[in-house]
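Each chain, letter by letter, is given below.
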Amino acid sequence: MSVDLNFRPRLWERRSTAPLHRLLDQASVLFLGVDEAELFFGHTDAARLFAELPTLQRIVLKDEENAATTLHRGSEAGIEVRSLSVDVVETVGAGDAFAAGYLAGLASGRTDAACTRLGHAVAASTLICHGDRPELVPDAQGVSTIVEAADEEWASWRITADHPLPWTTVGAHGMIDA
């Protein structure tokens, strides 16, 4: 089971966080931002989080527009993937989109780096439009472009509402294929 903490202190004022703790006690994958970890747990120490949550096998720690790091129980090192450069239109839904992209990669057996790139790509697609979801999600060819891009190419991508996404292609009728 995966849990995206989405902890918002104002929503939990004068309320018990027991429901969140019950979810966390069942999670094998935990998505959370650095800021959320500090607010909810009081730290970002992966070893402590794994000790506090015995079913947890994987933590995906997001540092907003900078990077996301995947950490595994019993492993000292994590896999960090830099975020894409994005001209943000609206932030609503980007965290959920990241989790959806990451989990799609995980469900298809991809590496931590590939899962994280897919998370970043779907989040970026959400950040450049109004509303809480992307207008386009990558098709199989787009997924391949995302996960197979050289690190230098990945780092050079700038995601804007005015230009096609780097993983899209122009179809036979001049329409963009996701």
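**Some remarks on the packing of aromatic side chains**
For step 1, the next point in the chain: Per the stated rule, a full pass over the model turns up 7 aromatic pairs.
For step 2, the next point in the chain: A centroid spacing of 5.5 Å and a plane angle of 55° characterise the contact between Trp154 and Trp157, whose relative ring orientation is tilted. For the pair formed by Trp154 and Trp157, the shared burial category is buried.
For step 3, the next point in the chain: Taken together, the ring pairs in this structure connect Phe7, Phe40 and Phe41 into an aromatic cluster.

**A few points about the environment of Ile146**
For step 1, the next point in the chain: Along the chain, Ile146 turns up in helix H6 (residues 140–148).
For step 2, the next point in the chain: Relative accessible area serves as the criterion here: at 0%, Ile146 is assigned to the buried category.
For step 3, the next point in the chain: Each C-alpha atom, one on Ile146 and one on Ala114, is 7.8 Å from the other, the two residues being 32 residues apart in sequence.
For step 4, the next point in the chain: When residues no more than four places from it in sequence are discounted, the contact partners of Ile146 are Arg117, Leu118, Ala121, Pro138, Trp154, Trp157 and Trp167.

**Some details on the side chain of His120**
For step 1, the next point in the chain: Note that His120 resides in helix H5 (residues 112–127).
For step 2, the next point in the chain: Take His120: its relative accessible area is 8%, and that puts it in the buried class.
For step 3, the next point in the chain: If sequence neighbours within four positions are ignored, His120 has contacts with Ala67, Ala68, Val81, Arg82, Ser83, Leu84, Phe98 and Trp154.

**Observations concerning the sheet that holds strand E4 (residues 67–72)**
For step 1, the next point in the chain: A sheet is described by the order of its strands in space; here 5 strands give the open sequence E1-E2-E3-E4-E5, paired in mixed fashion. With one partner strand each, in any of the chains shown, strand E1 (2–4) and strand E5 (79–82) form the two edges of the open sheet. Looking at each pair of strands side by side, their axes are set apart by 15° on average, direction ignored.
For step 2, the next point in the chain: Sheet analysis places strand E3 (residues 58–63) next to E4, joined by 6 bridges and oriented antiparallel. Bridge assignment links Val60 to a residue of E4, and that residue is Thr70.
For step 3, the next point in the chain: Helix H2 (residues 34–41) rests against strand E2 (29–33) and E3 of the sheet, and its axis sits at about 100° to E2.
For step 4, the next point in the chain: Across the sheet, H5 is in contact with E3, E4 and E5; its angle to E5 comes to roughly 30°.

What counts and how
- Residues numbered from 1 in each chain as written.
- Predicted model: local features only at pLDDT ≥ 70, side-chain atom pairs only at ≥ 80, totals over all residues.
- Heavy atoms only, no water.
- Phe/Tyr/Trp six-rings, centres within 6.5 Å; stacked < 30°, edge-to-face > 60°.
- Buried < 20%, exposed > 50% of the residue type's maximum accessible area, 1.4 Å probe, protein only.
- Helix = DSSP H or I, 4+ residues; strand = E, 2+ residues; numbered from the N terminus.
- Contact = heavy atoms within 4.5 Å.
- Pairing = 2+ DSSP bridges.
- Axes fitted to C-alpha atoms, helices over the stretch in contact; angles between N-to-C directions.

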